[in-house]
Amino acid sequence: MTRRSMTKRAAIVTATALVAVGTVTAGVSLAGSKAPAKPTTKQVASLFDGWNAALQTRDPQKVADLYAKDAVLLPTVSNKVRTDRAGIVDYFEHFLRNKPVGKKIQTVVKVIDRDSAIDTGVYEFTLTDHDTGEKRLVKARYTYAYEKVDGQWKIINHHSSAMPEG
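This one's a predicted model, so the numbers in the text were calculated from it and none came from an experiment.

A. The packing of aromatic side chains, seen in detail. Throughout the structure, instances matching the rule amount to 17 aromatic pairs. Centroid distance Trp-51 to Tyr-123: 6.5 Å. Interplanar angle 5°. Geometry classified as stacked. Residue Trp-51 is found in helix H3 (residues 47–56), and its partner Tyr-123 is found in strand E3 (residues 116–128); the two are separated by 72 residues along the sequence. Ring centres of Tyr-123 and Tyr-144 lie 6.4 Å apart, and the angle between their planes is 75°; this geometry places the pair in the edge-to-face category. Here Tyr-123, found in strand E3, pairs with Tyr-144, found in strand E4 (residues 135–149); they are 21 residues apart in sequence, far enough to count as distant. Here a set of aromatic residues connected by ring pairs shows up, and it is made of Phe-48, Trp-51, Tyr-67, Tyr-91, Phe-92, Phe-95, Tyr-123, Phe-125, Tyr-142, Tyr-144 and Tyr-146.

Here you go:
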């Protein structure tokens, strides 16, 4: 065997070994890491509970933290569309004065993929007037569009409107 053919053969053996090791490594990586599963409808529906709990803190910053930085909020008791954090915080500064406590009446969840989902339905809020202490009940339709951002569920679109028939 000539020196040239020995070098060529060594190169082929080395390349084959590298391909084999790479294939085994890739197989182990794929076998050991499952793609994250889609969330369940129950998990998506429960995101409202976290949002409602944030309302109970009476801290508009904590509520706004649940929204993506480019989220859109079409709120129940304001005619103004909120398209940035400052607008969302401003809305909740006013809304939280009424000590809102939300409760879902009906929910329909559509899981789109592992990183996005929509929760639509009807909820009601008990609001307490900050001056008189008088309570009132507001029933509204809602839509929350959620997206996973940096591993956390964020609201990317929230629409809430009072029921047209009281």
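B. How the structure looks around the pattern of salt bridges. Inspection of the entire model under this criterion finds four salt bridges. A salt bridge links Arg-82 to Asp-90, with the shortest nitrogen-to-oxygen separation between them at 2.8 Å. Look at Arg-82 and you get buried, because its relative accessible area is 7%. Overall, Asp-90 belongs to the partly exposed group, its relative accessible area being 26%. In this structure, Asp-119 engages Lys-104 in a salt bridge whose closest nitrogen and oxygen atoms are separated by 2.5 Å. With Asp-119 in strand E3 and Lys-104 in strand E2 (residues 101–113), the pair connects residues that are 15 residues apart, well separated along the chain. Asp-119 gets classed as buried once you look at its relative accessible area, which sits at 0%.

C. Spotlight on the pairing of E2. Direction of pairing for E2 relative to E3: antiparallel, over a ladder of eleven bridges. Residue pairing in the sheet places Val-108 in a bridge with Thr-120 of E3.

D. Main features of the sheet that holds E2. The five strands are arranged E1-E5-E4-E3-E2 in an open sheet whose pairing can be described as mixed. The sheet is open, and its two edges are formed by strand E1 (67–74) and E2, each paired on a single side. On average, adjacent strands in this sheet sit at an angle of 20° to one another, irrespective of strand direction. Packing of H3 onto the sheet brings it into contact with E1, E2, E3, E4 and strand E5 (152–162), and relative to E2 it is tilted by some 140°. Those strands touched by helix H5 (residues 85–95) are E1 and E3, and its axis lies near 55° from that of E1.

E. Focus on unusual backbone geometry. Unusually for a residue other than glycine, Arg-58 sits at a positive phi of about 65°. By the secondary structure assignment, Arg-58 is in the loop between H3 and helix H4 (60–64). The phi torsion at Asp-150 lies on the positive side, around 50°, for a residue other than glycine. Topologically, Asp-150 is positioned in the loop between E4 and E5.

F. Local environment of the side chain of His-158. Mapped onto the fold, His-158 is located in strand E5. His-158 sits in the buried class, given a relative accessible area of 3%. Here Tyr-67 takes part through its side chain, which lies 2.7 Å from a polar atom of the side chain of His-158. The contacts of His-158, once residues within four sequence positions are left out, are Trp-51, Tyr-67, Val-72, Leu-73, Leu-74, Tyr-123, Thr-143 and Tyr-144.

Cut-off values and rules
Residues numbered from 1 in each chain as written. Predicted model: local features only at pLDDT ≥ 70, side-chain atom pairs only at ≥ 80, totals over all residues. Heavy atoms only, no water. Phe/Tyr/Trp six-rings, centres within 6.5 Å; stacked < 30°, edge-to-face > 60°. Helix = DSSP H or I, 4+ residues; strand = E, 2+ residues; numbered from the N terminus. Salt bridge = Lys/Arg side-chain N within 4 Å of Asp/Glu carboxyl O. Buried < 20%, exposed > 50% of the residue type's maximum accessible area, 1.4 Å probe, protein only. Pairing = 2+ DSSP bridges. Axes fitted to C-alpha atoms, helices over the stretch in contact; angles between N-to-C directions. Contact = heavy atoms within 4.5 Å. Polar contact = N/O pair within 3.5 Å; in protein donor to acceptor, adjacent residues only side chain to side chain.

On their own, these measurements won't tell you what the molecule is for.
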